[in-house]
Amino acid sequence: MTEQNKTKKQLIIFLLIAYGLTYVMGILTWYGSTIPVEMSVFPSAQMFYPAAGVMLAYLVTQWKDELLPRWFYICFLLSTFVMVVCCVLTLASPGEPLSLNGMTLSIWSLISQFVIIAASILCWIMLLVSGKERRKKYGLAWNNWKGSLFCIFVFIVLYFGRAAISYVLEGEAGMILDIVKNPTAWFYLLYIPINFVFSFVAFFGEEYGWRYYLQPILQKRFGMRRGVLLLGVVWGLWHIFLDFFFYTTPDKGLIMTVSQIITCIGLGIFFAWAYLKTNNIWVPVILHFLNNNLILVVANDYSVEILQNQAVTWEAIPAAILLNGVLFGVFILSKEFRKKEE
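What comes next is a walk through the structure. What you see is a predicted model, and the numbers here were worked out from it, not measured in a lab. (Residues numbered from 1 in each chain as written. Predicted model: local features only at pLDDT ≥ 70, side-chain atom pairs only at ≥ 80, totals over all residues. Heavy atoms only, no water.)

Next up on the list: the overall build of the protein. In terms of regular secondary structure, the protein is built from 17 helices and two strands. The C-alpha radius of gyration of the protein comes to 20 Å, within 12% of the 20 Å expected for a compact globule of 342 residues. Taken along the three principal axes of its C-alpha coordinates, the protein extends 60 × 50 × 35 Å. Taking all 342 residues of the protein together, the buried fraction comes to 51%. Taking the contacts inside the protein whose residues are at least 6 apart along the sequence as the reference set, 81% of them involve residues at least 24 apart. With an accessible surface of roughly 16,500 Å², the protein has 69% of that area assigned to carbon and sulfur atoms. Positive and negative charge centroids in the protein, built from 24 and 19 side chains respectively, lie 16 Å apart. (Helix = DSSP H or I, 4+ residues; strand = E, 2+ residues; numbered from the N terminus. Rg over C-alpha atoms; globule rule 2.2 N^0.38 Å. Buried < 20%, exposed > 50% of the residue type's maximum accessible area, 1.4 Å probe, protein only. Contact = heavy atoms within 4.5 Å. Areas by Shrake-Rupley, 256 points an atom, 1.4 Å probe, with all protein chains shown as cover. Lys, Arg positive; Asp, Glu negative; His and termini not counted. Charge placed at Lys NZ, Arg CZ, Asp CG, Glu CD.)

As structure tokens, this is what we get:
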């Protein structure tokens, strides 16, 4: 098999899993919304698919490579399969909903959380025993400590800055003080590093697919800046079934999709900048984790249902464009993009 044919085959396998499987499961998401059942397992499972596509592509086309981190990949793929099974069983055998700390969960959503914890532990072990050379060759190594910590710090500042500006624009500046005074917020912030250790597989699942694999392909084909902008659009559209049938109701789905694309373009630019600056896939993995988990702090709401049935309006779109464009999108002008273009 020539290198060109191998690359083409890898891309086809990636797309079949990252998008094909996502959209098949998206149909099930629509069906689940009509029953209805508690479906928080679906977005959790979907986060696994991009990396699963990359790993399956490499296992199929590069199995003989001695440096392929086979057991790490196999462990991740098996975890993905179990998450898909949990999604199917959520619809086929939903059982009685469970009430946990005021939250309503299906039995399979609860089981999926234990799957994520177990998968994270096993994948950490497989990653460590795979050895330095395997991690380095397949983009799994930690690089550039100073630059990596700097990118994480900048993101945290911008994230909370964006939230503060939003509250001020909405005339709710007092909410900022309420968050600062809330002991739950401080406890949660201290708990976040532990949470990452036991849930990293989901966030790695997206970033290994988007930033490590697809971003370089799109940048090579369309240029450093246009490639990242295109990635933001296709990343946003990847959420479309969740936008219509989980994050909000179908009548608000189009608004949510537009908002999702704007967010994915803005964050995608920043994540791309961080990855180009550090050559460390773990930085966008951590940033993605922080983006999804810090929302509980800035919303001052620690319910698992915070992401479901969101209230979105067309009037909020200009503010989203402004905030994400100014705070995160401006990094597309950074030297990392200019230097690579030249």
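Having put the structure on the table, let's press on.
On to the pattern of salt bridges, then. Close approach of charged atoms allows side chains with opposite charge to pair. One pass over the structure, following the stated rule, counts four salt bridges. Across the salt bridge formed by D65 and K137, the nearest N and O atoms sit 2.8 Å from each other. With D65 in the loop between α3 (49-61) and α4 (70-92) and K137 in helix α6 (residues 132-137), the pair connects residues that are 72 residues apart, well separated along the chain. What makes D65 buried here is its relative accessible area of 17%. Here K137 falls in the partly exposed class, since its relative accessible area comes to 45%. Its salt-bridge partner being R211, residue E207 comes within 2.7 Å of it at the nearest N-O pair. (Salt bridge = Lys/Arg side-chain N within 4 Å of Asp/Glu carboxyl O.)

Applying the stated criterion across every chain yields a total of zero disulfides. As a non-bridged cysteine, C151 has C264 as the owner of its nearest cysteine sulfur, 19 Å distant. The exposure class assigned to C151 is buried, which follows from its relative accessible area of 0%. (Disulfide = S-S within 2.5 Å.)

In this section: the side chain of Q62. Mapped onto the elements of the fold, Q62 is located in the loop between α3 and α4. In terms of polar contacts, Q62 uses its side chain to reach the side chain of Q10, at 2.9 Å. Here Y138 takes part through its side chain, which lies 2.7 Å from a polar atom of the side chain of Q62. When neighbours within four sequence positions are excluded, Q62 is seen to be in contact with K6, Q10, L68 and Y138. (Polar contact = N/O pair within 3.5 Å; in protein donor to acceptor, adjacent residues only side chain to side chain.)

Let's shift gears to the layout of surface pockets. Of the voids in this model, the second largest pocket is the one considered here, and its volume is about 360 Å³. Around the second largest pocket, the lining residues are E3, K6, T7, Q10, L11, Y58, Q62, Y212, Y213, P216, I217 and K220. At the level of secondary structure, the elements contributing two or more residues to the lining of the second largest pocket comprise α1 (3-34) and α10 (200-222). Here the residues of the lining of the second largest pocket sort into six nonpolar, three polar and three charged. (1 Å grid on protein atoms, 1.4 Å probe; cavity = no way out; pocket = protein on both sides within 12 Å on 5 of 7 lines; lining within 4 Å. Points joined across faces, edges and corners; volume = space filled by probe spheres on them. Nonpolar A, V, L, I, M, F, W, Y, C, P; charged D, E, K, R; others polar.)

Turning to the packing of α10 against helix α14 (residues 282-293), a few remarks are in order. Relative to each other, α10 and α14 sit at 125°, their axes nearing to 8 Å. Taken together, the axes of α10 and α14 lie oblique to each other. Both α10 and α14 take part in a crossing whose hand is right-handed. In this structure, α10 uses F200, F203, F204, E206, E207 and R211 to contact α14, whose residues at the interface are W282, P284, V285, H288, F289, N292 and N293. Looking at the contact of α10 with α14, its residues break down into seven nonpolar, three polar and three charged. (Axes fitted to C-alpha atoms, helices over the stretch in contact; angles between N-to-C directions. Parallel < 35°, antiparallel > 145°, perpendicular 65-115°, else oblique. Left-handed = near helix turned anticlockwise from the far one by under 90°.)

So, about α3. The α-helix advances 3.6 residues per turn, and as a result positions three or four apart in sequence lie on the same side. A rise of 1.5 Å per residue sets the reference length of α3, with its 13 residues, at 18 Å; its end C-alpha atoms lie 18 Å apart and thus fit the reference within 8%. Along α3, the residues classified as buried are Y49, P50, A51, A52, G53, V54, M55, A57, Y58, L59 and T61. Lining the buried residues of α3 we find α1, α2 (41-46), α4 and α10. (Expected span 1.5 Å × (residues − 1).)

Let us look at the packing of aromatic side chains. Where two aromatic rings form a pair, the distance of their centres and the angle of their planes describe that pair. A complete count under the given rule lists 40 aromatic pairs for this structure. With centroids separated by 5.1 Å and ring planes inclined at 50°, the aromatic side chains of F270 and W273 adopt a geometry described as tilted. Linking F270 with W273, this pair stays in helix α13 (residues 253-278), spanning three residues, or about one helical turn. The class of F270 is buried, set by a relative accessible area of 0%. Residue placement shows R211 over the ring face of W235; its charged tip is 4.5 Å from the ring centre. (Phe/Tyr/Trp six-rings, centres within 6.5 Å; stacked < 30°, edge-to-face > 60°. Lys NZ or Arg CZ within 6 Å of the ring centre and 35° of its normal.)

Axis separation between α3 and α4 bottoms out at 10 Å; the angle between their running directions is 135°. With respect to each other, α3 and α4 are oriented oblique. With respect to the hand of their crossing, α3 and α4 are arranged in left-handed fashion. Residues Y49, A51, A52, M55, L56, Y58 and L59 of α3 form the contact with α4, whose participating residues are R70, F72, Y73, I74, F76, L77, T80 and V84.

Turning to the nonpolar core, a few remarks are in order. Soluble globular proteins tend to bury their nonpolar side chains together. In terms of nonpolar packing, the biggest core is built from 102 residues, with Y58, Y73, F76, F155, F204, Y208 and F270 touching the most fellow members. Residue contributions to this core peak at 13 residues, all from α13. (Core = buried A, V, L, I, M, F, W, Y, C linked by side-chain atoms within 4.5 Å.)

Another point: the side chain of N324. Within the secondary structure, N324 sits in helix α16 (residues 317-327). Ignoring sequence-local partners within four residues, the contact set of N324 consists of R162, I262, T263, G266 and G329.

On their own, these measurements won't tell you what the molecule is for.
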